[in-house]
Amino acid sequence: MSKPFLRNAWYVAAWSYEVEQALFERTIIGESVLLFRKPDGNPIAMSNTCPHRFAPLARGKLLDGIVECPYHGLRFNAEGRCVYNPHGNGKIPSRARTTIFPLIEAHDMLWIWMGDPAMADPATIPDFSCQSDDRFPTVSGVIEMHANYELISDNLMDLTHVEFVHEGILGSDAIKAGEHEITQSGTTMYSNRWCPNGLAPPAWDAMFGNYGKPVDHWLYMRWDAPCHMLLDVGITPAGKPREDGIWIYGTDILTPKDETSTYYYWAASRSYDVDDPSAGQLWEEAITVAFGQQDKPLIEAQQHMLGLHGATDIDGVDAVMLPTDAGPTRCRKIMDKLRETNTSTPPDPRNPALTELLEKSTGNYTGRVTPVV
Amino acid sequence: MSKPFLRNAWYVAAWSYEVEQALFERTIIGESVLLFRKPDGNPIAMSNTCPHRFAPLARGKLLDGIVECPYHGLRFNAEGRCVYNPHGNGKIPSRARTTIFPLIEAHDMLWIWMGDPAMADPATIPDFSCQSDDRFPTVSGVIEMHANYELISDNLMDLTHVEFVHEGILGSDAIKAGEHEITQSGTTMYSNRWCPNGLAPPAWDAMFGNYGKPVDHWLYMRWDAPCHMLLDVGITPAGKPREDGIWIYGTDILTPKDETSTYYYWAASRSYDVDDPSAGQLWEEAITVAFGQQDKPLIEAQQHMLGLHGATDIDGVDAVMLPTDAGPTRCRKIMDKLRETNTSTPPDPRNPALTELLEKSTGNYTGRVTPVV
Amino acid sequence: MSKPFLRNAWYVAAWSYEVEQALFERTIIGESVLLFRKPDGNPIAMSNTCPHRFAPLARGKLLDGIVECPYHGLRFNAEGRCVYNPHGNGKIPSRARTTIFPLIEAHDMLWIWMGDPAMADPATIPDFSCQSDDRFPTVSGVIEMHANYELISDNLMDLTHVEFVHEGILGSDAIKAGEHEITQSGTTMYSNRWCPNGLAPPAWDAMFGNYGKPVDHWLYMRWDAPCHMLLDVGITPAGKPREDGIWIYGTDILTPKDETSTYYYWAASRSYDVDDPSAGQLWEEAITVAFGQQDKPLIEAQQHMLGLHGATDIDGVDAVMLPTDAGPTRCRKIMDKLRETNTSTPPDPRNPALTELLEKSTGNYTGRVTPVV
């Protein structure tokens, strides 16, 4: 009844700075994952489940890169093999292993692959390099939302909501009147709004020194499956090049915790006031309000309303569509297509349909998508 | 497994004073309903679900009688039609409508019809005119109980519980010894207790100036499906007419929120001390204690006990019956009969069985049932 | 899907001192049970469900050994028969009875039999007489854990966990190196650890006057179905008899509340400092920490992890076994065998398979199992 999560996909497991040489747990697509760093700093992701009694390893100890189970002290190395049984003759059953997940550190984030390791290609991690680019000082965080990740993705892929949900902050008449273009390249979607020669939304105007005069405003959203979004958004004096204005690259990456809970990784990498931390604080506060106090309660209420209609997702009800739903709808179609072959059971890597689909889906995908700097 | 709610029935959606020119939500028989008043003061009930993304309209704005969705700003008029799409070319899909429910303001309450509008006859709203009658100053309120509405109805239709649940307040030896008569007229039930020539229950005696001498005590309960009760209860010196004593009309109207939650609308319209608000306060306090602190925890515990027996209602277990259960049992039989044709699916208005049943059920129903003033 | 509880078995319903001449409720294997004492002090266990409206009798009154229902005042005697109906002609339906459960007071505890009364043999109550033996002053209590009772039993039947879960308190190198023997007698299991000539665990060393020198340490666990454990545990100077050292009899009795909640009755009956209550307080504090703050959160987390794997018990997943699981495994095998005939439906007492099994299971069971004093 509920839709399976994609397994052969990269998910963000954590911000790099969340994981140190200590045990850290996060539940990802319904599975409890243990994250830690080895003494050399390399990050590891393994199943948090001890194969012996299913105790959570994250409650144990990290001993020089070795994980000790909190219950009976079995120890596991960074390859997931049990290397020590403290009891009796110390014999170690050959099945005493815990799953290791491919984990890549990139763009100041830890990217986990929950499916077939043989298919985990780091080259398919979408480009969020702005997050670790000195030219764009970045603030970031993570918010837990009690809603299905695709409802949150819908929210982000249709930015016409900003005028209503974030009224008086991020909306403007120019956005409503702006041009909107959706393009697709492989499984990457672009939903771009170009809103020239209008007054900037209040928050942007304030950040641009209470400019007060007409600007060109752009909101360029890039989406990669399952739910990795980067918004290139800014203003510049009407008719002037981007460099005369200010902008941010805004990260919106959604990692499902379970069917109705989602980790929302956000970041804002700004082009301006690069030496003034208060400019970053302003974004931190704005995002805490906009995502945490405006989007979050609304999307959670939407989830509740769907529940009253006997559904967990908008797909399960007969909803009226608007032209502005084109973005969310295209993303959902890509997801539905991927779900056909990339299901909750790790697929056979020799499955030709899947291979073909993935080849196709990266066919037009020239390395990384470069933000339009 | 669980019993469907009647749809072709009037439910109380709110007290009149709860709904102003502002958006107000209440969940009724499992559906989220939006209530508000138009600029002319007329109340409106519509589905709280925006047909676009299923956001709750109650979180939006009321603009001169028009409801604006909090998510993407679609606007709906009081007929439920989308009248404004702020995006793109502004085209409005013909399916962009939200359900309007028949809503009647009567007796200081808003009565909603959750079924087939063609069958909504205001003449079948039971008479609670005492609530808005200047001769009977009224205090009122609403309590949410976490129990099925029929368990609460059982409680009210068998007043032998008052001596035990409300011991020392509303019980008396005279009630136990009193005469009890149950009569039915259409789908209206009367359960009347006549308890002559005994000492009044402590609370009544206190309200009658610490009278201390024998009184005649009456408790006349009227019940209409699904669960609208009016209790005509009072005392008068033994052998004297009603007018020599004091009484109230006590409202007990139950509106199911869902299978195990109920809104309990209560009121007390008193015949005495009409210019003394403290007499009303006394009833407010007494009812807060009696219903909120005595009945509510007991009925919620009863619901929990039924759950341990794998049931949600007393119908689902093999309960022992007493003669004093005659009132609740008759009401439940009427409900079972109504459920046969009046199910959770809005019925075909041309369904002869239903029409016939409703005609029959109001055959002996001469307009409104008049409280015995 | 979930495993049924044994019905033909003794469970601890409460400590003797928890039940006075007052109404007391406890939920046992999913059923709400009312406990009280008659005026003569004899304890009674009856179903907490009033057969009339399923109200919880425990909210009513105890009147000279008679229970009055809080709802409509039906009264039940200690045999479960309704003896008074305060209403109308006072007739009492013959079915107005509430179930009485066999209840035995022994070893300072109330033992309840939830199955066929004809099979309730007090001689099969396991011996916990140390709890009421003046030579062994006892401290005791009860902790509610949100985990299946068999997961807690596993914990106790494999004491290799103490070094990890109770590190720095109850673990030692000698325990790891000790001898371990498991024996079975009928449905009684013994899991004994003998750890000679090593340093005592820190807590034991402190209690033995900071002894600091090698001791012999023993941990002898006795288990009876469904989940009654007694641990004879202590230390004595290496090579010396038990009487030269100190020990306790530690009670660990588990009574399922429901599938994922358990009442954990604990006690410590000490052999030393019998006139010094502070020695008992020390055990009370140690157990509060060890069971309430170390075992409880870990086992509850294990229950949560099993839930993520779609299971409620370790039986439902493909867990890796170690030699040290022999104790828990044997207990689970006995339970599985008992469940075959002793199911959640009270069995027919004439069922030969059951009779035979029970006869067999007590074949080697010579009265009570005597702790090794």
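Keep in mind that what you see is a predicted model, and the values were worked out from it rather than measured.

Novice: Please explain the overall build of chain A as it appears in this structure.
Specialist: The helix and strand tally for chain A stands at 7 helices and 18 strands. Once the C-alpha set of chain A is aligned to its principal axes, its extents read approximately 80 × 50 × 40 Å. Per-residue burial for chain A yields a buried fraction of 58% across its 373 residues. Considering only contacts within chain A whose residues lie at least 6 apart along the sequence, 58% involve residues at least 24 apart. A gap of 9 Å separates the mean positions of the 31 positive and 49 negative side-chain charges of chain A.

Novice: Honestly, the relation of the copies chain B and chain C in this entry has me stumped. Any pointers?
Specialist: These two copies of the chain differ by a rotation about an axis and a displacement along the same axis. When chain B is fitted to chain C, the residual RMSD is 0.1 Å, and the transformation amounts to a turn of 120° plus an axial shift of 0.0 Å. Both copies of the chain, as the preceding transformation shows, are related through a three-fold rotation axis.

Novice: Honestly, the sheet that holds strand β4 (residues 43-47) of chain B in this entry has me stumped. Any pointers?
Specialist: In any sheet, the strands associate via hydrogen bonds between backbone groups, in a parallel or an antiparallel arrangement. Residues and elements named next belong to chain B. Pairing is antiparallel across the open sheet formed by 4 strands, whose spatial order is β2-β3-β4-β9. The sheet terminates laterally at β2 (24-28) and β9 (100-101), the two strands that pair on one side only. Where β2 lies against strand β3 (residues 31-37), 5 bridges are found, and the strand directions are antiparallel. Across the sheet, the residue bridging to Phe-24 is Leu-35, located in β3.

Novice: Mind showing me how you'd approach the interface of chain A and chain C here?
Specialist: Where interface size is given, it is often the accessible area lost as the parts come together that is meant. With 25 residues of chain A at the contact, the number on the chain C side is 29 residues. The junction of chain A with chain C conceals about 2500 Å² of combined surface from both sides, 61% of it contributed by carbon and sulfur atoms. Looking at the side of chain A facing chain C, the largest losses of area belong to Arg-53, Phe-54 and Tyr-71 of chain A, adding up to 32% of the total buried there. The tally of links between chain A and chain C comes to 4 salt bridges. Its salt-bridge partner being Glu-167 of chain C, residue Lys-61 of chain A comes within 2.7 Å of it at the nearest N-O pair. If you look at where chain A meets chain C, you find 9 residue pairs in polar contact (both at pLDDT 80 or more). For the side of chain A that touches chain C, the per-class residue count stands at 10 nonpolar, 10 polar and 5 charged.

Novice: Can you walk me through the packing of aromatic side chains in this structure?
Specialist: Two measures describe an aromatic ring pair: the distance that separates the ring centres and the angle between the ring planes. In the structure shown here, the tally under the stated rule is 32 aromatic pairs over all chains. Look at Trp-218 of chain B and Trp-247 of chain B: their rings are 6.4 Å apart centre to centre, the planes differ by 50°, and that puts the pair in the tilted class. Linking Trp-218 of chain B in strand β15 (residues 215-224) with Trp-247 of chain B in strand β17 (residues 246-258), this pair joins segments that are 29 residues apart in sequence. For the pair shown, Trp-218 of chain B and Trp-247 of chain B are each scored as buried. On the basis of an interplanar angle of 45° and a centroid distance of 5.0 Å, the ring pair of Phe-208 of chain C and Tyr-211 of chain C is categorised as tilted. Given the relative accessible area of 24%, Tyr-211 of chain C is considered partly exposed. Of the aromatic side chains, those joined through ring pairs into one cluster are Phe-136, Trp-218, Trp-247 and Tyr-249 of chain A. The positively charged end of Arg-26 of chain A is found above the aromatic ring belonging to Tyr-263 of chain A, 4.8 Å away from the centroid.

Novice: What is the right way to read the state of the cysteines from this model?
Specialist: In a disulfide, the sulfur atoms of two cysteines are held together by a covalent bond. Inspection of every chain in the model, using the stated rule, returns 0 disulfides over all chains. The closest cysteine sulfur to the non-disulfide-bonded Cys-195 of chain B is located on Cys-331 of chain B, 19 Å from its own sulfur. With no disulfide of its own, Cys-69 of chain C lies closest to Cys-50 of chain C among cysteine sulfurs, the gap being 3.9 Å.

Novice: Just to check I follow, could you spell out the pattern of salt bridges for this structure?
Specialist: The final tally for this structure, using the stated rule, is 71 salt bridges over all chains. Notably, a salt bridge pairs Arg-135 of chain A with Asp-133 of chain A, separated by 2.7 Å at the nearest N-O pair. For Arg-135 of chain A, a relative accessible area of 52% translates into the label exposed. Given a relative accessible area of 21%, Asp-133 of chain A falls into the partly exposed group. Across the pair Arg-242 of chain B and Asp-232 of chain B runs a salt bridge whose closest N-O atoms are separated by 2.6 Å. Note that Arg-242 of chain B is positioned in the loop between β16 (228-237) and β17 and Asp-232 of chain B in strand β16, a separation of 10 residues in sequence. Asp-232 of chain B matches Arg-242 of chain B in its accessibility class, with the two residues each being buried. Salt bridges sharing partners connect three or more residues here, namely Arg-53 of chain A together with Lys-3, Glu-150, Asp-154, Asp-313, Asp-315, Asp-325, Arg-332, Asp-336 and Arg-339 of chain C.

Novice: Looking at this structure, I do not really get the side chain of Thr-251 of chain B. What am I missing?
Specialist: When you line up the elements, Thr-251 of chain B lands in strand β17. Here the side chain of Thr-251 of chain B touches Gln-131 of chain B through a polar contact of 2.5 Å, side chain to side chain.

Novice: Please clarify how the sheet that holds strand β10 (residues 103-106) of chain A should be interpreted in this entry.
Specialist: All names here are of chain A. Spatial ordering of the open sheet is given by β1-β11-β10, a layout of 3 strands whose pairing is antiparallel. One side of each edge strand has no neighbouring strand; the edge strands of this open sheet are β1 (10-15) and β10. On average, adjacent strands in this sheet sit at an angle of 30° to one another, irrespective of strand direction. Here β1 runs beside strand β11 (residues 109-113); their pairing, made up of 5 bridges, is antiparallel. Within β11, the residue paired with Trp-10 across the bridge is Trp-113.

Novice: What is the right way to look at the side chain of Arg-222 of chain B in this model?
Specialist: Residue and element names in this part refer to chain B. Along the chain, Arg-222 falls in strand β15. The exposure class assigned to Arg-222 is buried, which follows from its relative accessible area of 4%. A polar side-chain atom of Arg-222 sits 3.5 Å from a polar atom in the side chain of Asp-224.

Novice: How do you make sense of unusual backbone geometry when you look at a structure like this?
Specialist: Most of the time, phi is negative for any residue but glycine, and the peptide bond is trans. Residue and element names in this part refer to chain A. Cis geometry marks the peptide bond from Ala-225 to Pro-226; its omega dihedral reads 0°. Position of Pro-226 among the secondary structure elements: in the loop between β15 (215-224) and β16 (228-237). The phi angle at Asn-197 is positive, at roughly 55°, despite the residue not being glycine. Turning to its location among the elements, Asn-197 is positioned in strand β14 (residues 188-198).

Novice: Is there a simple way to think about the interface of chain B and chain C in this case?
Specialist: The interface is formed by 29 residues belonging to chain B together with 24 residues belonging to chain C. Three residues, Phe-164, Met-305 and Val-320 of chain B, lead the burial of chain B against chain C; their summed loss comes to 27% of the area buried on that side. For the pair chain B and chain C, the interface holds 4 salt bridges. Counting the contacts that link chain B with chain C gives 9 residue pairs in polar contact (both at pLDDT 80 or more).

Novice: Explanation requested: the pairing of strand β14 (residues 188-198) of chain C in the structure shown.
Specialist: If a strand is regular, its side chains alternate between the two faces of the sheet. Residues and elements named next belong to chain C. Here strand β13 (residues 179-185) pairs with β14 via 7 bridges, running antiparallel. Opposite Ile-182, over in β14, you have Ser-191 as the bridge partner. What sits between the antiparallel neighbours β13 and β14 is a turn of 2 residues, in which Gly-186 has the positive phi angle 65°. Inspection of the sheet shows β14 paired to strand β15 (residues 215-224) by 9 bridges, in the antiparallel sense. Bridge assignment links Tyr-190 to a residue of β15, and that residue is Arg-222.

Novice: Can you walk me through empty space enclosed by the protein in this structure?
Specialist: Empty space among the atoms becomes visible once a probe the size of a water molecule is rolled across them. All names here are of chain B. Inspection of every chain in the model, using the stated rule, returns 10 cavities of 30 Å³ or more. Considering only enclosed or pocket space, the largest cavity measures out at about 320 Å³ in volume. Lining the largest cavity are 23 residues, with Leu-170, Leu-231, Val-233, Trp-283 and Phe-291 sitting closest to its centre. By residue number, the principal contributor to the lining of the largest cavity is helix α5 (residues 277-308), which donates 6 residues.

Novice: Looking at this structure, how should I read helix α5 (residues 277-308) of chain C?
Specialist: Taking 1.5 Å per residue, 32 residues should reach 46 Å; α5 of chain C reaches 45 Å between its end C-alpha atoms and fits that length. The largest bend in α5 of chain C amounts to roughly 35° and is located at Asp-295 of chain C, with the proline Pro-297 of chain C lying one to four residues further along.

Novice: Explain the environment of Ser-129 of chain A here, please?
Specialist: Residues and elements named next belong to chain A. Here Ser-129 lies in the loop between β11 and β12 (138-145). A relative accessible area of 30% means that Ser-129 is categorised as partly exposed. Separated by 119 residues in the primary sequence, Ser-129 and Trp-10 have C-alpha atoms spaced 16 Å apart.

Novice: Please clarify how the environment of Ala-225 of chain A should be interpreted in this entry.
Specialist: Position of Ala-225 of chain A among the secondary structure elements: in the loop between β15 and β16. Residues Ala-225 of chain A and Pro-117 of chain A lie 108 residues apart in sequence; the distance between their C-alpha atoms is 18 Å.

Novice: Help me understand the confidence of the model for chain A, please; the structure alone is not making it clear to me.
Specialist: Low-pLDDT portions of the prediction should not be read for the details of their coordinates. Model confidence for chain A is summarised by a mean pLDDT of 89, while 91% of its residues fall at 70 or above. Predicted as a complex, the structure gets a pTM of 0.89 and an ipTM equal to 0.89.

Novice: Can you walk me through the packing of helix α1 (residues 149-157) of chain A against helix α5 (residues 277-308) of chain A in this structure?
Specialist: Angle between the axes and distance between the axes are the two parameters that describe a pair of packed helices. Residue and element names in this part refer to chain A. Orientation of α1 relative to α5, taken along the N-to-C sense of each, is 125°, at an axis distance of 10 Å. The orientation of α1 with respect to α5, classified from their angle, is oblique. Crossing of α1 over α5 shows right-handed handedness. Along the contact surface, α1 presents Leu-151, Ile-152 and Asn-155, while α5 presents Asp-295, Ile-299, Gln-302, Gln-303 and Leu-306.

Cut-offs used in this document
Residues numbered from 1 in each chain as written. Chains lettered and ligands numbered in written order. Predicted model: local features only at pLDDT ≥ 70, side-chain atom pairs only at ≥ 80, totals over all residues. Heavy atoms only, no water. Helix = DSSP H or I, 4+ residues; strand = E, 2+ residues; numbered from the N terminus. Buried < 20%, exposed > 50% of the residue type's maximum accessible area, 1.4 Å probe, protein only. Contact = heavy atoms within 4.5 Å. Lys, Arg positive; Asp, Glu negative; His and termini not counted. Charge placed at Lys NZ, Arg CZ, Asp CG, Glu CD. Least-squares fit on C-alpha atoms with pLDDT ≥ 70 in both. Pairing = 2+ DSSP bridges. Buried area = accessible area lost by both parts, 1.4 Å probe. Salt bridge = Lys/Arg side-chain N within 4 Å of Asp/Glu carboxyl O. Polar contact = N/O pair within 3.5 Å; in protein donor to acceptor, adjacent residues only side chain to side chain. Nonpolar A, V, L, I, M, F, W, Y, C, P; charged D, E, K, R; others polar. Phe/Tyr/Trp six-rings, centres within 6.5 Å; stacked < 30°, edge-to-face > 60°. Lys NZ or Arg CZ within 6 Å of the ring centre and 35° of its normal. Disulfide = S-S within 2.5 Å. Axes fitted to C-alpha atoms, helices over the stretch in contact; angles between N-to-C directions. 1 Å grid on protein atoms, 1.4 Å probe; cavity = no way out; pocket = protein on both sides within 12 Å on 5 of 7 lines; lining within 4 Å. Points joined across faces, edges and corners; volume = space filled by probe spheres on them. Expected span 1.5 Å × (residues − 1). Bend = angle between axes of the 7 residues up to and from the residue. pLDDT = per-residue confidence, 0-100. Parallel < 35°, antiparallel > 145°, perpendicular 65-115°, else oblique. Left-handed = near helix turned anticlockwise from the far one by under 90°.

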